[in-house]
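Structural description and commentary
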Amino acid sequence: MHSALLVVLVSAAVAGGVGVFAYGAACIRSGIFVRAVCRLPQDRSLLPFRLPDEQRILLTFDDGPDPDVTPRVLDVLERHGHRAIFFIIGSKAEAHPDLVREIVRRGHIVGNHTYAHSPWANFLGSRHLIRDIERTDDAIEKACGVRPKLFRPPLGVSPHFLRKVVRQTGHVVVGWDVRSLDTRLEPRDVIMSRIAKGLHSGSIVLLHDRLPGADSLAEATLSLPLAD
């Protein structure tokens, strides 16, 4: 009887531990394995980057730059006077260095999004991820002269060793609190409804400048009213 109860308790503990581990890895906002900036604090001096004082939300763009979409996104941001973060893939920085330079020239922030956006980058161990991050930093710095200090893991997956990795590389992890899920094949009004429901003053929004229509999503998001 006692042995059976012990087995049940141990099994429950293991299942709970696995659940916490999986949640910590899958949810960048959890803070279980690494602390990430997922909202703008009231005290902007606490941020590892600078934003205009009047800017109440932050748009972030992953997976670029894209020669067709990124320039249109930059035009939208310029019209709104909005400073954004572009989390750049290293191989694309090498393919389109002129676009990386243009992002920086227009006053935006560049971040590291790994060299090839492989989901395996998060699971091959700390030494592999460190090499990947450094290779991507090199590619971005060569393109624009700026070495990124911000990092966003592919898919937002945060392995248990990520804290150790960014401590060694000197990066700050940036997540989000509004995930547009714009990579899904959904009507734009569905995506905008999702953004609008989650958007508040201080929100960090995840978008992708490799997708057609990213400029119109950015335009619509920046035009949404903020209640707080």
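Report follows, based on the coordinates. Treat the numbers as computed from the prediction; the structure is a model and nothing was measured.

We now examine the environment of glycine 198. Secondary-structure assignment places glycine 198 in helix H7 (residues 188–198). Every residue in contact with glycine 198, bar those within four places of it in the chain, is listed here: Asp177, Val178 and Ser203.

The geometry of helix H2 (residues 70–80) relative to helix H8 (residues 214–222) is characterised by a closest axis approach of 8 Å and an angle of 20° between their N-to-C directions. Considering their axes alone, H2 and H8 lie roughly parallel with respect to each other. Pair H2 / H8 crosses with right-handed handedness. Residues Arg72, Val73, Val76, Leu77, Arg79 and His80 of H2 form the contact with H8, whose participating residues are Ala214, Asp215, Ala218, Glu219 and Leu222. Partitioning the contact of H2 with H8 into residue classes produces six nonpolar, one polar and four charged.

Attention now goes to the pattern of salt bridges. Summed over all chains, the structure comprises 13 salt bridges. The closest approach of N and O atoms between arginine 106 and glutamate 78, which form a salt bridge, is 2.8 Å. One end of the pair, arginine 106, is in the loop between helix H4 (97–105) and strand E4 (109–112); the other, glutamate 78, is in helix H2, and 28 residues separate them in sequence. Among the residues examined, arginine 106 registers a relative accessible area of 24% and is labelled partly exposed. Between glutamate 186 and arginine 194 there is a salt bridge; the shortest N-O distance is 2.9 Å. For arginine 194, a relative accessible area of 22% puts it in the partly exposed group. Salt bridges sharing partners connect three or more residues here, namely Asp75, Glu78, Glu102, Arg105 and Arg106.

Definitions and cut-offs
Here the residue numbers are simple positions, counted from 1 along each chain's written sequence. Reporting of local features is limited, given that this is a predicted model, to residues whose pLDDT is at least 70; pairs of side-chain atoms are given and counted only at 80 or more, and all residues count toward the totals for whole chains, interfaces and linings. As a convention, hydrogens and water are excluded, and side-chain values are obtained from all of the structure's heavy atoms. What counts as a helix is a DSSP run of H or I of at least four residues, what counts as a strand is a run of E of at least two, and both are numbered from the N terminus. Any two residues having at least one pair of non-hydrogen atoms within 4.5 Å are treated as being in contact. With axes taken as lines fitted to C-alpha atoms, and helix axes fitted only over the stretch in contact, angles between N-to-C directions fall between 0 and 180 degrees. In this scheme, roughly parallel covers angles under 35 degrees and roughly antiparallel covers those over 145, while 65 to 115 is roughly perpendicular and the rest are oblique. Two helices cross in a left-handed way if the nearer one is turned anticlockwise from the farther one by less than a right angle. They cross in a right-handed way if the turn is clockwise. Under the convention adopted here, Pro, Cys and the residues Ala, Val, Leu, Ile, Met, Phe, Trp and Tyr are nonpolar, Asp, Glu, Lys and Arg are charged, and Gly plus all remaining residues are polar. The working definition used for a salt bridge is a side-chain nitrogen of Lys or Arg within 4 Å of a carboxyl oxygen of Asp or Glu. Throughout this description, buried means an accessible area under 20% of the type-specific maximum (1.4 Å probe, protein chains only), exposed means over 50%, and partly exposed covers the range between.

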